[in-house]
Amino acid sequence: MDRTEIPFPAPLEGWVARLWREQRDSDGIVHAHSIRVGQIAGVVAAHLGIEAVDVLKIQLASQFHDIGKLDLPREVLYAPRRLTEEEMAIIRQHSALGALRLRKLEAAPVLALVEDVTLHHHERYDGSGYPDRLIGNAASLAARIAAAADVYAALWERRAYKTAISHDEVLARMTTGDDRMRPAFFDPEVLVALRDTQRTIRRLVVD
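Residues numbered from 1 in each chain as written. Predicted model: local features only at pLDDT ≥ 70, side-chain atom pairs only at ≥ 80, totals over all residues. Heavy atoms only, no water.

Caption draft 1: Spatial organisation of the packing of aromatic side chains. Applying the stated criterion across every chain yields a total of one aromatic pair. Measuring from centroid to centroid gives 6.3 Å for F185 and F186, while their planes differ by 65°, and the two rings are edge-to-face. For F186, a relative accessible area of 6% puts it in the buried group. Between the NZ or CZ atom of R92 and the centre of the ring of Y130, over which it lies, the distance is 5.9 Å. When the ring centre of F185 is taken as reference, the NZ or CZ atom of R124 above it lies at 3.8 Å. (Phe/Tyr/Trp six-rings, centres within 6.5 Å; stacked < 30°, edge-to-face > 60°. Buried < 20%, exposed > 50% of the residue type's maximum accessible area, 1.4 Å probe, protein only. Lys NZ or Arg CZ within 6 Å of the ring centre and 35° of its normal.)

Caption draft 2: The arrangement of unusual backbone geometry in detail. For the bond running from Y130 to P131, omega is 10°, close enough to zero to count as cis. Its place among the elements puts P131 in the loop between α7 (111–120) and α8 (141–156). (Helix = DSSP H or I, 4+ residues; strand = E, 2+ residues; numbered from the N terminus.)

Caption draft 3: Focus on empty space enclosed by the protein. Enumeration according to the criterion identifies one cavity of 30 Å³ or more in this entry. Of the voids in this model, the largest cavity is the one considered here, and its volume is about 80 Å³. Around the largest cavity, the lining comprises 13 residues; the ones closest to its centre are E123, R124, Y125, R144 and F185. The leading source of residues in the lining of the largest cavity is α8, at three residues. (1 Å grid on protein atoms, 1.4 Å probe; cavity = no way out; pocket = protein on both sides within 12 Å on 5 of 7 lines; lining within 4 Å. Points joined across faces, edges and corners; volume = space filled by probe spheres on them.)

Caption draft 4: Structural detail: the pattern of salt bridges. According to the stated counting rule, one finds 16 salt bridges in the structure shown. The partner of R173 in a salt bridge is E169, with the nearest N and O atoms 2.9 Å apart. Here the residue R173 and the residue E169 both occupy positions in helix α9 (residues 167–176), the gap between them amounting to four residues, near one helical turn. Exposure remark for E169: the relative accessible area of 34% places this residue in the partly exposed category. A network of salt bridges, in which partner residues are shared, links R18, E22, D71 and R101. (Salt bridge = Lys/Arg side-chain N within 4 Å of Asp/Glu carboxyl O.)

Caption draft 5: Representation of the environment of M88 in the model. Structurally, M88 can be placed in helix α5 (residues 85–91). Here the alpha-carbon distance between M88 and V114, two residues 26 residues apart in the chain, equals 24 Å.

Coordinates in, geometry out; function isn't part of it.
Have a look at this one:
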């Protein structure tokens, strides 16, 4: 089994395989990022003592958290410069677009969790996120885990408009804050779990 794969129960294979192919074939950058986010989320969820079957569901949901970016204009998504406010508003639509894409799939019990993570992975613990400005535990634990994993992966990865930074610097920014983020953005228990699982994350998340 490839290290990016997780064993899905047979009833999930239809829509999971479809989303996987769409994401992989449409945007390799989004796909690679999403795999990393899923890996990180799975490690953090397991460390928090979540049951194994639910860890797999959280990893699955996190692997499709950015599926809505497939519906964004690439010239905005990959602009090699700071985006305008209007362009940022377009980018922020990807959460709702992803949830809409998922609602068109056949019903499956775990699909509701995937949709929730897709819609709410940009919520912040202090209520300053989007689209619903949920505060604290109003966002699901799965969404709170995915939110931290998404930021971790995004900071670490190299892009045309940004350089990569080290794992240590990523964690330092998330736990102590800088001019663009604060620790209050994240569930504190999730942030501790992220810190405590650094060795495992470094082994899993490779370029």
